[in-house]
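Each chain is listed here by its residues.
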Amino acid sequence: MPRVTIRVQAEAFDSAHETALLLRGHEDVGGVAAFTGIVRGGGGLVALELEHYPGMTESMMRRIAESACARFGLVGCTVIHRVGRLAVGMPIVLVLCAAAHRGAAQEATAFMMDWLKTSAPFWKREEFANGHSAWVEPRAQDEAAKARWGSLTA
């Protein structure tokens, strides 16, 4: 049974620590793929405020992670998504996928990010230096990226 860790938290995460936890007790891992999403600036953006639907968000994150484990034969995965106010340059999401071979880990990481970005119930409000704020709308290109994978299997 793959080891799946899902967390939604305000606190920063430590990628090296999370990788060590994921690998603990596993000699069958040949590769770990990692993705760390960062709050991207530009256009006067100073921060993102992230909200989520407690319980429902974690449930969907787990469903996505379990689907990735089944589809790509993962040994385990970790998904941590932050909430609250995050300034430009701050880490926002961590996805770690451990597998016997690097290709499976890399594909699983892309799969999980495409699904998390479009299907996990998070809401983002952009805050700008001029005091303006706006909710982030879904993007067609994100839905298209998810569509290449088909449906969830778990």
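On a predicted model such as this, the values are computed, not experimentally measured, just so you know. Think of each chain on its own: its residues are numbered from 1, step by step along the sequence as written. Local features in a predicted model are, by the rule used here, given only for residues with pLDDT of at least 70; side-chain atom pairs are given and counted only at 80 or more, and totals for whole chains, interfaces and linings are based on all residues. Side-chain measures were taken over the full set of non-hydrogen atoms in the model, leaving aside hydrogen atoms and water.

### Let's talk about the overall build of the chain
Okay, so step 1: Helix and strand labels come from DSSP, where a helix needs a run of H or I of at least four residues and a strand needs a run of E of at least two; each type is numbered from the N terminus. The helix and strand tally for the chain stands at four helices and eight strands.
Okay, so step 2: The globule rule used here is 2.2 Å times the number of residues to the 0.38 power, and the radius of gyration it is set against is calculated over C-alpha atoms. Over its C-alpha atoms the chain spans a radius of gyration of 16 Å, differing by no more than 12% from the 15 Å that the globule rule assigns to 154 residues.
Okay, so step 3: Dimensions of the chain along its principal axes, counting C-alpha atoms only, are 50 × 30 × 30 Å.
Okay, so step 4: The contact rule is simple, with two residues in contact once any of their heavy atoms fall within 4.5 Å. In the chain, the share of contacts with a sequence separation of at least 24, taken over all contacts with a separation of at least 6, comes to 78%.

### What about the sheet that holds strand S1 (residues 3-9)?
Okay, so step 1: In space, the four strands of this open sheet follow the order S1-S4-S6-S2, with mixed pairing throughout. The open sheet has two edge strands with one neighbour each: S1 and strand S2 (31-38). Neighbour-to-neighbour, the strand axes of the sheet open up by a mean angle of 5°, direction not taken into account.
Okay, so step 2: Think of it this way: DSSP has to see at least two bridges between two strands before they count as a pair. Pairing analysis gives six bridges linking strand S4 (residues 76-82) to strand S6 (residues 91-99), with the strands arranged antiparallel. Opposite Thr-78, over in S6, you have Leu-96 as the bridge partner.
Okay, so step 3: Each of S1 and S4 is contacted by helix H2 (residues 56-72), which is oriented at about 150° to S1, the strand it contacts most.
Okay, so step 4: Sitting on the sheet, helix H3 (residues 102-119) is in contact with S2, S4 and S6, with an inclination near 145° to S6. Fitting a line to C-alpha atoms yields each axis, with helices limited to the stretch in contact; the angle taken between N-to-C directions then spans 0 to 180 degrees.

### A few points about the pattern of salt bridges
Okay, so step 1: Whenever Lys or Arg places a side-chain nitrogen within 4 Å of a carboxyl oxygen from Asp or Glu, that contact is recorded as a salt bridge. Considering all chains together, one arrives at seven salt bridges under this definition.
Okay, so step 2: Here Arg-7 and Glu-18 are joined by a salt bridge, their closest N and O atoms 2.6 Å apart. You can see Arg-7 sitting in strand S1 and its partner Glu-18 sitting in helix H1 (residues 15-23), a full eleven residues away along the chain.
Okay, so step 3: Glu-18 gets classed as buried once you look at its relative accessible area, which sits at 6%. Any residue under 20% of the maximum accessible area for its type is buried, any over 50% is exposed, and the rest in between are partly exposed; the area is computed with a 1.4 Å probe on protein chains only.

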